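So you can see what is in the structure, the chains are spelled out below.
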Amino acid sequence: VPSACMRKDIPAAVILPKGYETDPLRRWPVVYLLHGASDSEKHAREPFFRELADREGVIVVCPRATRTWWLDSPVDPSYRYETFMVQELVPWVDAHYRTLADRRHRGLTGNSMGGHGSFYLAMRHPDLFSAAAAIFGGFDLWAWRDSGRWELRERLGDPAEHPEYWKDNSVIRLAQSLGPGTLRLMMAVGSDDIFIGPNRELHRILLENRVQHTYVEEIGTHCQEFWERHYPMMFRFLANGR
């Protein structure tokens, strides 16, 4: 997908559901699948994503974002993934595929960094997305300011100099101003996950603000087995809201 804002092409995987080729008059909802920090668009090659696209009747789009946290970096202008997603990818997909091109038929899901990205983009752009579903999302970037992990400092800079870059780009901060009825949200996390604290805190904030959402906490860790088990739930949640 050509990106003018980053002056390069961004690889993306697209899964077309069963019936897309044989029913040329039908238009389809889109699920944007956002991968984690150690993954790429190849995340969509897992066979069960094709099964989910067929079962729920959705186009699945998985772009490559490497370790970008799906945001526009305030310190490195070459990383503008929020702009790419909302101003370039969504219009490109709607122009090249038979989509139902409205917010009601457009949702996001992802795990870890992608879980953060799905809620981040939905909360910042509810005009484009009606729903988001996250699996063990890394919702509080500030909590990891001293870890040196996942290239967060490269994207957000020195937390001592600009703490606002870290806090203002965290889903935890965005959720504090989210009102009821804005978005449909679902989240799942394991009780032994590295991000269990921010997930519980986000759940508390949403309850306090009376934002309707589904929160699932089960025994589990930050691993592929957990997200494989919960992606069917996320796709079903996104599809059932149409």
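Structure: see above.
Residues numbered from 1 in each chain as written. Predicted model: local features only at pLDDT ≥ 70, side-chain atom pairs only at ≥ 80, totals over all residues. Heavy atoms only, no water.

Q: A description of the packing of aromatic side chains should follow, citing residues and the corresponding values.
A: As enumerated under the stated definition, the model contains 18 aromatic pairs in all. Centre to centre, the rings of Trp144 and Trp150 are 4.8 Å apart; their planes meet at 70°, and the pair counts as edge-to-face. With respect to burial, Trp144 and Trp150 carry one shared label: buried. Taken together, the ring pairs in this structure connect Phe48, Phe49, Trp227, Tyr231 and Phe235 into an aromatic cluster. If you follow Arg26 out to its NZ or CZ, it ends over the ring of Trp28, 3.7 Å from the centre. (Phe/Tyr/Trp six-rings, centres within 6.5 Å; stacked < 30°, edge-to-face > 60°. Buried < 20%, exposed > 50% of the residue type's maximum accessible area, 1.4 Å probe, protein only. Lys NZ or Arg CZ within 6 Å of the ring centre and 35° of its normal.)

Q: Tell me what's going on with the sheet that holds strand β7 (residues 131-135), and back it up with residues and numbers.
A: Hydrogen bonding along the main chain pairs the strands of a sheet, whether they run parallel or antiparallel. The strand order across the open sheet built from seven strands is β3-β5-β4-β6-β7-β8-β9, with neighbouring strands paired in mixed fashion. Each of the sheet's edge strands pairs with one partner strand only, and the pair in question is β3 (12-15) and β9 (213-218). Strand-to-strand twist across the sheet, computed as the mean angle between neighbouring axes with direction ignored, equals 15°. Here six bridges tie strand β8 (residues 184-190) to β9, and the two strands are oriented parallel to one another. Bridge pairing in β9 places Gly190 opposite Glu218. Of the strands in this sheet, β4 (30-34), β5 (59-63) and β6 (106-111) are in contact with helix α2 (residues 81-96), which crosses β4 at around 135°. (Pairing = 2+ DSSP bridges. Helix = DSSP H or I, 4+ residues; strand = E, 2+ residues; numbered from the N terminus. Axes fitted to C-alpha atoms, helices over the stretch in contact; angles between N-to-C directions. Contact = heavy atoms within 4.5 Å.)

Q: Provide a residue-level description of the side chain of Asn111, including the pertinent values.
A: Among the structural elements, Asn111 can be located in strand β6. Among the polar contacts made by the side chain of Asn111, one reaches the side chain of His43 at a distance of 3.3 Å. Here Asn111 is in contact with Leu34, His35, Gly36, His43, Ile135, Phe136, Trp227 and Tyr231, once residues within four sequence places are set aside. (Polar contact = N/O pair within 3.5 Å; in protein donor to acceptor, adjacent residues only side chain to side chain.)

Q: With reference to specific residues and values, describe the packing of helix α1 (residues 47-56) against helix α8 (residues 224-240).
A: Packed helices, taken two at a time, are described by their axes: the angle between them and the distance between them. In the contact formed by α1 and α8, the axes pass within 10 Å of each other and the chain directions differ by 20°. Considering the angle they form, α1 stands roughly parallel to α8. The hand of the α1/α8 crossing is right-handed. Taken together, the residues of α8 that come into contact with α1 (itself represented by Phe48, Phe49, Leu52, Arg55 and Glu56) are Trp227, Glu228, Tyr231, Pro232, Phe235, Arg236 and Ala239. Here the contact of α1 with α8 is built from residues that sort into eight nonpolar, no polar and four charged. (Parallel < 35°, antiparallel > 145°, perpendicular 65-115°, else oblique. Left-handed = near helix turned anticlockwise from the far one by under 90°. Nonpolar A, V, L, I, M, F, W, Y, C, P; charged D, E, K, R; others polar.)

Q: Please give an account of the side chain of Ser130 that cites residues and values.
A: Structurally, Ser130 is set in the loop between α3 (113-124) and β7. Look at Ser130 and you get buried, because its relative accessible area is 12%. In terms of polar contacts, Ser130 uses its side chain to reach the backbone carbonyl oxygen of Arg103, at 2.8 Å. Sequence-distant contacts of Ser130, defined by excluding residues within four places in its chain, comprise Arg103, Arg104, Arg106, Leu183 and Arg184.

Q: How would you summarise α1 if you had to cite specific residues and measurements?
A: If you check which residues of α1 are buried, you get Phe48, Phe49, Leu52, Ala53 and Glu56. On an axial view of α1, the arc spanned by its buried residues comes to 150°, and they lie on one face. With respect to the buried face of α1, the exposed residues turned more than 90 degrees away are Pro47 and Arg55. Buried residues along α1 sit in contact with β3, β4, β5 and α8. Once α1 ends, the next one or two residues include Gly57, with phi positive near 65°. (Arc of directions from axis to C-beta.)

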